[in-house]
Amino acid sequence: KQEVTQIPAALSVPEGENLVLNCSFTDSAIYNLQWFRQDPGKGLTSLLLIQSSQREQTSGRLNASLDKSSGRSTLYIAASQPGDSATYLCAVWGAGSYQLTFGKGTKLSVIP
Amino acid sequence: GAGVSQTPSNKVTEKGKYVELRCDPISGHTALYWYRQSLGQGPEFLIYFQGTGAADDSGLPNDRFFAVRPEGSVSTLKIQRTERGDSAVYLCASSSTGANTGELFFGEGSRLTVL
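Residues numbered from 1 in each chain as written. Chains lettered and ligands numbered in written order. Predicted model: local features only at pLDDT ≥ 70, side-chain atom pairs only at ≥ 80, totals over all residues. Heavy atoms only, no water.

### A word on the interface of chain A and chain B
As a reminder of what qualifies: Contacts are assigned to residue pairs with any non-hydrogen atoms lying within 4.5 Å of each other. A pairing counts as a salt bridge when a side-chain nitrogen of Lys or Arg comes within 4 Å of a carboxyl oxygen of Asp or Glu. Any pair of nitrogen or oxygen atoms within 3.5 Å is treated as a polar contact; in protein, a donor-acceptor pairing is required on top of that, and neighbouring residues in sequence qualify only through side-chain atoms on both sides. Under the DSSP-based scheme used, a helix requires at least four consecutive residues in state H or I and a strand at least two consecutive residues in state E, with every element numbered from the N terminus. Classification used: nonpolar for Ala, Val, Leu, Ile, Met, Phe, Trp, Tyr, Cys and Pro, charged for Asp, Glu, Lys and Arg, polar for all others including Gly.
Taken residue by residue, the interface counts 21 residues in chain A and 23 residues in chain B. In this assembly, chain A and chain B are joined by 1 salt bridge. With a closest N to O distance of 3.7 Å, B:Glu108 and A:Lys42 form a salt bridge. Summed over the shared surface of chain A and chain B, the number is 4 residue pairs in polar contact (both at pLDDT 80 or more). Listing elements by their share of the side of chain A that touches chain B, those giving two or more residues are strand 4 (30-38), strand 5 (44-51), strand 9 (86-94) and strand 10 (100-102) of chain A. Among the elements that take part in the side of chain A that touches chain B, strand 4 of chain A stands out by supplying 5 residues, more than any other. Looking at side-chain class alone, the side of chain A that touches chain B contains 9 nonpolar, 10 polar and 2 charged residues.

Dropping the structure here:
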């Protein structure tokens, strides 16, 4: 059974700092990996989708990398802003599965 | 519509009652998913529809839970004889492609509280 772990569970940084969120998964047989953002009491907003054949994806200040063989992904946020404060969730599509498996998320607080 | 729409946004009910939660996916999206999220946890898969049929319902916790999508668009999640443990946020998502290939777009969820 696929398991997804996100470290750290919570992170607090001063505004302007660059930061890295980590995601690991136990079964490397995946189709893709997706990073989401969730604001309190809200649904999930898709940030980046990395196909299994790709190494990274970039969108603005966000960069996500994927190392499928080692079961790891990182989300890099450059020049963090208070508006980046949210919970960030990593999720993987397992090969042969119809399900996205999610981690528990990393709660990010960016202090002005 | 512009995004995935879920109603109601909040539902409070008493133990033993019947509940229906509705999801209106992005227009044209053939794939629809239901997930459940408990406090402090990531979403957990419940069921996946491709068109009108449930292609994978392995995440439904028991036979009190049922979902339909009769015309391949709007879906309804139905919970019978609700229990306090059913309290959670129920999230719906849709995708323009089949499972495990495309980007998922989520609604804002229906928060269910069973007293």
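### Focus on the sheet that holds strand 6 (residues 56-59) of chain A
All names here are of chain A. Put simply, the rule is: Strand pairing is defined by DSSP finding a minimum of two bridges between the two strands. Every axis in this analysis is a line fitted to C-alpha atoms, fitted for helices over the stretch in contact. Angles between the N-to-C directions lie between 0 and 180 degrees.
Spatially, the 5 strands line up as an open sheet ordered 1-3-8-7-6, and their pairing is antiparallel. Pairing within the sheet leaves two strands with one partner each, and these edge strands are strand 1 (4-7) and strand 6. Ignoring which end each strand starts from, the neighbouring axes of this sheet average 15° apart. Where strand 6 lies against strand 7 (residues 62-67), 4 bridges are found, and the strand directions are antiparallel. The partner of glutamine 57 across the bridge, within strand 7, is alanine 64.

### Remarks on unusual backbone geometry
We apply this condition: Burial status follows relative accessibility: with a 1.4 Å probe on protein chains alone, a residue under 20% of its type maximum counts as buried, one over 50% as exposed, and anything between as partly exposed.
That bond from A:Ile7 to A:Pro8 is cis: its omega, -5°, falls within 30 degrees of zero. Take A:Pro8: it is sitting in the loop between strand 1 and strand 2 (10-14). Look at the link from B:Thr7 to B:Pro8: it is a cis peptide, with omega at -10°. For B:Pro8, the location among the structural elements is in the loop between strand 1 (5-7) and strand 2 (10-13). A positive phi angle, close to 45°, is found at A:Ala79, a residue other than glycine. A relative accessible area of 36% places A:Ala79 in the partly exposed class. Backbone geometry at B:Arg81 places phi at a positive 45°, although glycine is not the residue there. Looking at the element boundaries, B:Arg81 is found in the loop between strand 8 (75-79) and strand 9 (88-95).

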